[in-house]
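Per-entry structural report
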Amino acid sequence: FLSGSSTSRGRMPRVVEFRVPFPCTPEEYKWGQIYTVAKVCTEMTDPKDGAGVESIANEPCTLDGYGAGVYTKKYYHFRSKLPGYVRAVTPKAATFMQEEAWNCFPYARTIINHPSFTKFSIEITTIHEPAKRDSHGKIEYAENIHNLSDKALKTRKVREIDIGDSSDIKKDQYKSEEDPGTFKTKCAKGPLSQGWMGREPQVMIAYKLVTITCDYFGISKVVEDYLEGYEYSLFKSSHRKFYCWMDDWFTLTHDEIRSYEDAANKKMTESMKSAKGAGPVGQEQISAALKDGQTDDLTTSTRNLEMGDGVSPTSPS
């Protein structure tokens, strides 16, 4: 995908680079992100209706060129979040997503897909770097940090995310306690009101390259548009929480953060196993999807599934 190759039908994948400035050092971001992802996933898990996150694996890994890190695997269940008319035409085994991630900070790679939809995937490659500034203190972004080819650069879209700006937050989704524009941390950061990137002494950038592949006739652009908007909203909302929860994680030791993550994963998995209407879960659900022959001939269900309100197919990676 990164070289600009097309899919089997000749359609180019959608490539969007999201640039997310954040007021801390890369090392602080690394550990704060672990805490935030665990907490956000816990919030997404509701044992009452079977929606949420199931942690399958969390273990050491090594990537050539990037060194040691952590491999994680999760299933995101969201059938109960779909409108009733969508559930009526969508097989149970189709209403989850599989996520695999390799976090070798400052590099991370995440792949989200479903075993039945072989022509659909979301790949997120992230590079974290300290912000560079010009002579006037203005942030200068790296223009090709992911080393894309000239061909890929021509189709790549770039979107900056200002977590302190609430102007594009819907009124029913706005929470004052999660507004970095007004929140000042106890560790002397913020508030992130207009112009904060020039005022904060420590700023790093998360460069998130999102590649969306959807090679299904008649719905590709609709799904790509939806998922691009979804990823923008997800990255912005999760980083706003990340900042406003800083007082909770900033003084924790690395061991304490890992213990919090382990406890959160255990709680989520147990909740999903006991949730009404959630099962079957895990590998059994994947096997059911393949056994039932629910392969690429699910265009109608895919269209409904991707357009359903409140669907959360991906994590805040």
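Residues numbered from 1 in each chain as written. Predicted model: local features only at pLDDT ≥ 70, side-chain atom pairs only at ≥ 80, totals over all residues. Heavy atoms only, no water.

To continue, consider the pattern of salt bridges. Counted by the stated rule, this structure contains 17 salt bridges. One salt bridge connects D248 with K39, and the closest N-O pair in it is separated by 3.7 Å. A residue pair is termed long-range when its members are at least 10 positions apart, and D248 in helix α6 (residues 246-249) and K39 in helix α1 (residues 26-44) qualify at 209 residues. On the basis of relative accessible area, D248 is assigned to the partly exposed category, the value being 39%. When the shortest N-O distance is used, the salt bridge between D168 and K236 registers 2.6 Å. With D168 in the loop between β9 (157-160) and α4 (196-199) and K236 in helix α5 (residues 220-244), this pair connects stretches of sequence that are 68 residues apart. A relative accessible area of 3% means that K236 is categorised as buried. Residues joined in a network through salt bridges with shared partners are R14, K157, R159, K221, E224, D225 and E228. (Salt bridge = Lys/Arg side-chain N within 4 Å of Asp/Glu carboxyl O. Helix = DSSP H or I, 4+ residues; strand = E, 2+ residues; numbered from the N terminus. Buried < 20%, exposed > 50% of the residue type's maximum accessible area, 1.4 Å probe, protein only.)

Right, let's talk about the sheet that holds strand β4 (residues 96-104) for a bit. One open sheet accounts for 8 strands, arranged β2-β3-β4-β5-β6-β10-β1-β9; its pairing is mixed. Two strands close off the open sheet at either side, each with one partner strand: β2 (52-63) and β9. Taking the axes of each pair of neighbouring strands and ignoring which way they run, one obtains an average angle of 15° across the sheet. Summarising the sheet, β2 and strand β3 (residues 67-77) pair through 11 bridges and their orientation is antiparallel. Following the sheet pairing, N58 is matched in β3 by T72. Together, β2 and β3 form the strand contacts of helix α7 (residues 254-274), whose direction differs from that of β2 by roughly 140°. (Pairing = 2+ DSSP bridges. Axes fitted to C-alpha atoms, helices over the stretch in contact; angles between N-to-C directions. Contact = heavy atoms within 4.5 Å.)

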